Each structure stands twice: as C-alpha cells, then as structure tokens.
Amino acid sequence: MADEVLPSSIGDLVAGEVLANEFLMLLAERDGSILTHPALFYAMGGPGSNVVRVPHLGLGGYNLLSATTPGSEIANTALSDDKTDVTVATRAKRYTVEDLARFMANGKLDPQMFAMDAAISVAQTLISLLANVGDDFSSTVGSSGVASAWTDVIDAKTTLGIAKATGPMLGMLHPRQWGHLETDALSLGLSGAMAVSGTLNAGLEQYKGRWMGVDFYAHSAVPTADAGVNRAGSIFTRGAIAWADAQMLPENDSNIVDLGRARFERARRGTFLDTAYITSFVAGVAKAIDAAGVTFKTKASA
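Residues numbered from 1 in each chain as written. Predicted model: local features only at pLDDT ≥ 70, side-chain atom pairs only at ≥ 80, totals over all residues. Heavy atoms only, no water.

Draft legend 1. The arrangement of helix 2 (residues 111-131) in detail. Here helix 2 is 21 residues long and its end C-alpha atoms lie 30 Å apart, about the 30 Å a rise of 1.5 Å per residue gives. Those residues of helix 2 not exposed but buried are Phe114, Ala118, Ser121, Val122, Ala123, Gln124, Leu126, Ile127, Leu129, Leu130 and Ala131. Against the buried residues of helix 2 lie strand 4 (89-98), strand 6 (169-173), strand 11 (241-246), strand 13 (262-269) and strand 14 (274-287). (Helix = DSSP H or I, 4+ residues; strand = E, 2+ residues; numbered from the N terminus. Expected span 1.5 Å × (residues − 1). Buried < 20%, exposed > 50% of the residue type's maximum accessible area, 1.4 Å probe, protein only. Contact = heavy atoms within 4.5 Å.)

What follows is the structure in structure tokens.
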C-alpha cells in the first residue's frame, strides 16, 4: 500500500539538527461552528435504509382562507405535501504509521494527534458537502464575472422574502467572494460600512459576523461554476438544505472509538510493524425546499 508513514518520509519532522519544542500545523480550515447554525436542518435517520426521507407539510398558514357563499358547502382545501430524500454514504481516510517513524517523530504522530485530526476532518468534510449543495438553488443572484457586492446580498434577501422564507439566514461564500464584499463595503465609505455591519470584520476566521441580518461564513469548499469563471456560494434559511448521518452500531471493540457521527479506530499490523488510524463517517446532504435558498454566483478571480 502507498503513502505509509515511514522513516524515509518524515524528514521534515526529524533532523540531525535540534528541533523546536513546538511544531506548525499546515494551513487548513478547522472551524466547525457553522454546523450549529439553526438554518441547517438535521434529519435523524435510523437503521434499515441508506435513505432518510424528510416530509414537507403545507400547514402552519401555508393556505389562506377563501371567500364562501351563504348556503353553500365549504369546499375541501387540498393538503400540500412533498419530500426530500437524503442519501447517506460512507466516507473515510486512513493514516498508517511505521513503528520506527513514530519513535523518530517524538510525539508528533501519537494517537492523540490522529484523534484530533479525525474530529476536525469529519466536520470539515460535512461542511464541504453542504457547500456543494448551495449551488443547486433555482434562484440566483450576482452577475457572471463580476465581483460580489452588497446589492447582491440585498437581492438575495429580497428573493427569499418574496418566497416567504423565514428564520435566521446563513451565507456560505468563498473567501474570494467575501473579500470582494469587504472591498465593496470600504467603497461605500465609513457611514455605508457602518450601516452594513457596524464595523468591518478584519479577522480570518470562517465566521465573518452578521451583516445585513445574514450570518456569513467563508469556506474554500464553495465550488466554482461556469467553467471556473464564478464561485457559487449561497444564502439560505432553514429548510433549504437537509443533512443526515447514520451512527454505526457499537462493535464492543476497545480499538474503535465512537465520535458521535463518526468512528475513529486503530488497526495494528504486527507483521508490518505499523499501526493504522482510520476515520470514517456516514452522512449525506440534499437540497430540500428550493425556494428557501438562493445561489450567490459572482466572480472567482481577483
């Protein structure tokens, strides 16, 4: 098998020189806070199928009352309903570390490091799945090949309002799209920028704050569109996107750790003198109520 962690492949982790007491993690997105946003609909599934069905029900004021004629029977109102099927599938990754390589790495390749990686990578994989559904909405704002502007955000909010969407709004944009919005905010002048958000958000965290009533997150998983000309982010409310997962049945094995929606397990190969660390989870994402979301399509380049 390729890509085992061997002494010959960890030259940057060990050296004849004196190494620093701490080490740098390579750049990666590690913030999973977006997964707690109320605009995301979690569909809890169960054993028996890899498809989780989410019913849609037209009550709660979906239909208005109609005028009646004295002496006439009131006609039945058709009950509207629909459904979204979320198909879950397994995703996994594996690291295999040879014994001598672990010894030479001096703590950098301990089980705790791989367990931490497991928790972060599961969350980031799910965020990537969510981002790649946001480009499927029928309604689109922005102009192809043109930088993001706050007027695009207003257009998205107007579209959602016309569609009768309600609840907290979530915006998932690519960092390039967000950078264009910050530039546009500066071009509005101080008073304009303050009207947008109160202050400009200069941090590099994924969460960019609540601007114009939308909770914005920037993530590199937001896909390209139109042969790479644009990025296809999204702004949506609860009901637009549904996700589901499946918790595997316990194995009663001390080498398998339950991470909630994922598993982290250790597999020892004594004849190869190595240990594998395997992370897996079963999940899926689907577009649900189309009118509850808007695709935010703007220029992908600087």
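Next comes the rest of the description.
Draft legend 2. Seen up close, the packing of aromatic side chains. Scanning the model with the defined rule gives eleven aromatic pairs in all. The interplanar angle of 85° and the centroid separation of 6.0 Å between the aromatic rings of Trp150 and Phe216 together place this pair among those described as edge-to-face. Of this pair, Trp150 sits in helix 3 (residues 150-162) while Phe216 sits in strand 8 (residues 214-218); the two residues are 66 residues apart in sequence, bridging distant segments of the chain. You'll find Trp150 and Phe216 in the same group, each marked buried. Ring geometry for Trp178 versus Trp211: centroids 5.0 Å apart, planes at 90°, classification edge-to-face. Residue Trp178 is found in helix 4 (residues 175-187), and its partner Trp211 is found in strand 7 (residues 207-211); the two are separated by 33 residues along the sequence. Take Trp211: its relative accessible area is 0%, and that puts it in the buried class. Ring pairing ties together the aromatic residues Tyr95, Phe114, Phe264 and Tyr277, which thus form one cluster. Between Arg269 and the ring centre of Phe272, over which it is positioned, the NZ or CZ distance is 4.0 Å. (Phe/Tyr/Trp six-rings, centres within 6.5 Å; stacked < 30°, edge-to-face > 60°. Lys NZ or Arg CZ within 6 Å of the ring centre and 35° of its normal.)

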